[in-house]
Amino acid sequence: MIYGDKNTGVLVQGATGKQGEFHIGLMNTYAKQVGGKGVVAGVTPGKGGQQVHGVPVYNTVKEAMKHHDIGASVIFVPAGAAADAIMEEAHAGITTIVCITEHMPVQDSMKAIAYARMEGASVIGPNCPGLLSPGEVKMGIMPAGLFKRGNVGVISRSGTLTYEVVDELTRAGIGQSTVIGIGGDPVIGQTFMDVLERFEKDPETKAVVLVGEVGGNLEEEGAKSTSLPIVSYIAGVSAPPDKRMGHAGAIVEGGEGDARSKIARLKKHGVPVASRVSEIPEMVRELFRCGC
Amino acid sequence: MKLREYEAKNVIKAAGIPVPAGFLIRSADELTPHLGELGDAFVLKAQVDVGGRGKAGGILMADKATGTKVAQELFAKEIKGLPVKEILAEKRLSIQHEYYLSITVDRSSKQPLILFTEAGGVEIEVTAKEHPELIKKVVANPLMKELPPFMLRELMGSAPKEIGPIINKLYRIFLEKDALLAEINPLVTTPDGVFAADAKIIVDDNALGRQGITVNRDLSPREREAEKHGFSYVELDGAIGVIGNGAGLTMATLDLIEYYGGKAANFLDVGGGAESERVKNAVQLVASVPTVKVIVVNLLGGITKCDEVAKGIIAAGISQKVIVRLAGTNEAEGRRLLSEKGYEMLDTMDLVVKKAVEVTS
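About the criteria used
Residues numbered from 1 in each chain as written. Chains lettered and ligands numbered in written order. Predicted model: local features only at pLDDT ≥ 70, side-chain atom pairs only at ≥ 80, totals over all residues. Axes fitted to C-alpha atoms, helices over the stretch in contact; angles between N-to-C directions. Helix = DSSP H or I, 4+ residues; strand = E, 2+ residues; numbered from the N terminus. Parallel < 35°, antiparallel > 145°, perpendicular 65-115°, else oblique. Left-handed = near helix turned anticlockwise from the far one by under 90°. Contact = placed C-beta atoms within 7 Å. Nonpolar A, V, L, I, M, F, W, Y, C, P; charged D, E, K, R; others polar. Domains from an automatic or database assignment. Core = buried A, V, L, I, M, F, W, Y, C linked by C-beta atoms within 7 Å. Buried ≥ 20, exposed ≤ 12 C-beta atoms within 10 Å, placed from the backbone. pLDDT = per-residue confidence, 0-100. Pairing = 2+ DSSP bridges.

*Asks:* Any chance you could explain the packing of helix α5 (residues 149–156) of chain B against helix α6 (residues 163–176) of chain B here in plain terms?
*Replies:* Helix-helix packing: each pair is described by the crossing angle between the helix axes and the interaxial distance. Residues and elements named next belong to chain B. Across the interface, α5 lies against α6 with an axial gap of 10 Å and an inter-helix angle of 110°. Compared by their axis directions, α5 and α6 come out roughly perpendicular. Taken as a pair, α5 and α6 cross one another with a handedness that is right-handed. Seen from α5, the contacting residues are Leu152, Leu155 and Met156; seen from α6, they are Ile163, Gly164 and Ile167. Residue composition of the contact of α5 with α6, by class: five nonpolar, one polar and no charged.

*Asks:* Any chance you could explain the domain arrangement of chain A here in plain terms?
*Replies:* Where interface size is given, it is often the accessible area lost as the parts come together that is meant. All names here are of chain A. Split into domains, chain A comes out as domain 1 (10–124) and domain 2 (142–290). Between the C-alpha centres of domain 1 and domain 2 there is a distance of 26 Å. The interface is formed by ten residues belonging to domain 1 together with nine residues belonging to domain 2. For the side of domain 1 that touches domain 2, the leading source of residues is helix α4 (residues 106–119), giving five residues.

*Asks:* Would you mind going over the interface of chain A and chain B with me for this structure?
*Replies:* Residue-level contacts link 43 residues of chain A with 38 residues of chain B. If you list the elements that add at least two residues to the side of chain A that touches chain B, you get α4, α5 (160–171) and α7 (218–225) of chain A. When residues of the side of chain A that touches chain B are assigned to their parent elements, the largest contribution, seven residues, is made by α4 of chain A. Residue composition of the side of chain A that touches chain B, grouped by class: 21 nonpolar, 14 polar and eight charged.

*Asks:* Explain the nonpolar core here, please?
*Replies:* Soluble globular proteins: nonpolar side chains tend toward being buried together. Grouped together as the largest cluster of nonpolar side chains are 187 residues, with contacts concentrated most on Ile75, Ile86 and Ile97 of chain A together with Ile167 and Leu170 of chain B. If we ignore the near neighbours within four places in the chain, the residues touching Ile75 of chain A are Gln13, Gly14, Ala82, Ala85, Ile86, Ile97, Val98, Cys99, Ile100 and Thr101 of chain A. Ile25, Leu44, Leu74 and Ala89 of chain B belong to the second-largest nonpolar core, a separate cluster that totals 16 residues.

*Asks:* Please clarify how the confidence of the model for chain B should be interpreted in this entry.
*Replies:* Low-pLDDT stretches of the model should not have their predicted coordinates read in fine detail. Residues and elements named next belong to chain B. Across chain B, pLDDT averages 92, with 99% of residues at or above 70. Mean pLDDT values for the elements of chain B range from 80 in helix α4 (residues 124–130) up to 98 in α6. In the model output, the complex is listed with pTM 0.92 alongside ipTM 0.90.

*Asks:* Explain the sheet that holds strand β2 (residues 41–46) of chain B here, please?
*Replies:* In a beta sheet, neighbouring strands pair by backbone hydrogen bonds and run either parallel or antiparallel. All names here are of chain B. Across the sheet, four strands lie side by side as β1-β6-β2-β3; this open sheet has antiparallel pairing. The sheet terminates laterally at β1 (22–25) and β3 (59–63), the two strands that pair on one side only. On average, adjacent strands in this sheet sit at an angle of 25° to one another, irrespective of strand direction. Of the pairings in the sheet, the one linking β1 to strand β6 (residues 87–91) comprises four bridges and is antiparallel in character. Bridge pairing in β6 places Phe23 opposite Ala89. Each of β1, β2, β3 and β6 is contacted by helix α3 (residues 67–75), which is oriented at about 160° to β3, the strand it contacts most.

Written out as structure tokens, the structure is:
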């Protein structure tokens, strides 16, 4: 497993908000199914003493840490408060921080991620769906019904597109070790390279599907860094230059990050790239067949 | 959102970076009483929201005698299809040397990236390609409020010392104004000192609120309407309307349209947990685009309730054909509602897109 397993106690910041409450419910339903610890504590400043789906809520992360064994956190606070939430958790000693919050200003992301790095914490996101290791742990908002346990890791910059890929894999009988959405913003904590490094050390993961988007060159950087067999898909081939499609990750940067040149660079490096999501399962099978 | 040149110059001037003497005019008449203030020779620069305006004829030289006439000429022009509504009139500088300075967000290091070169000016992109070694780069920890002297030495080499404080002032602007890009090109030396001859600032759309910017000018009226509903929306020029949830999935739907030889009319991401009212608004918005002949709805997710989506599509009551792919909670009920009304539902995104391309070709 990477980042967490059944025994990981999870803290949720923004526990009493609409999103936080809803997803604590879903995460703990999943934890119950697989016999995991799930969400053990919530934090909302000023709401200490309340309960959400039976989970105790505290005013600060430090207070929650005193009463519970916490290995990871999931953040659902509004965009303006997300940097503070990340830094509070890193400062309190949480080492895996998943930030679901979208629309976080980039300056805030840069500062919070720099601070977390100094405290030795890994940030996943912001603007991401979190991660799910089938049969072990769900940290975030992924719809658990689509998943099946297996040996393929999935790393993606998208949310729903990740579910589409997982759905295709599961229908084709290909299970997943861990599926992780690293976020669609220009500045994110864990990149393809960081996650691939973890997958390399994970005995459950034999191959990886890398789902990228236009913008930047993190996909190529990641593909070059690993010895694991990879299949890739890059969204945004039809994106017009300089147009923004939903998040900043889709800003095409001076020809560098556009989808076609990204695909060309991946292929040059020997990574097979699917033209459609529905081609991915067959390409993964091909990886296993040739053993390469 | 990209600030116009005069707005960017106001920001850097307020931070203490010298800019050429000048003022903004909205008609040629506004220039006439001030003709004496800019010296003998001055520059008229169209304030239009496009790049490469100099090469497109948006920057004209003028003097006291010709000023009003040249301004009239520039106001009558269209620069890359945009009318000229504002002109920045600026004193001409006696340029000795042009430098390039910019600060941007580096995705790989997740930190501000500062670029400086002694070979500045309009050909900066050519320089970057042909002589990358001339461009000095430094990444800075964003928790630092100013760059330490060693970073400035690494960047500046033998450039004049007065540039050091300017780099630090621009860095502060980058941090405090929520910039994705803060650029001075060229930064020029003259007998009267160092000046920012041109400036560009792009403000993070996610920070417009706290920067006091209420209207995002980069959006078209329909894009602004979409923003009000909380949709991400981009206008394109095909006949197939697209509604999806999540930027990645919606983008992949557009890519698939291109793969099958069709052309998308738009990108619309309704966001998570779409309720019937939101779906109705989205369908009506896309249907209001005159070129749209058919609409593809591709929604997937555990939170999205298919019966809500179906109700929204039906309530929109539009005349164009709607082809739907839905997966999620209450799928059977959604299907029942839609098929009762004669809507077409298909199982995969490949199938819906293929069908839409067939309909439009």
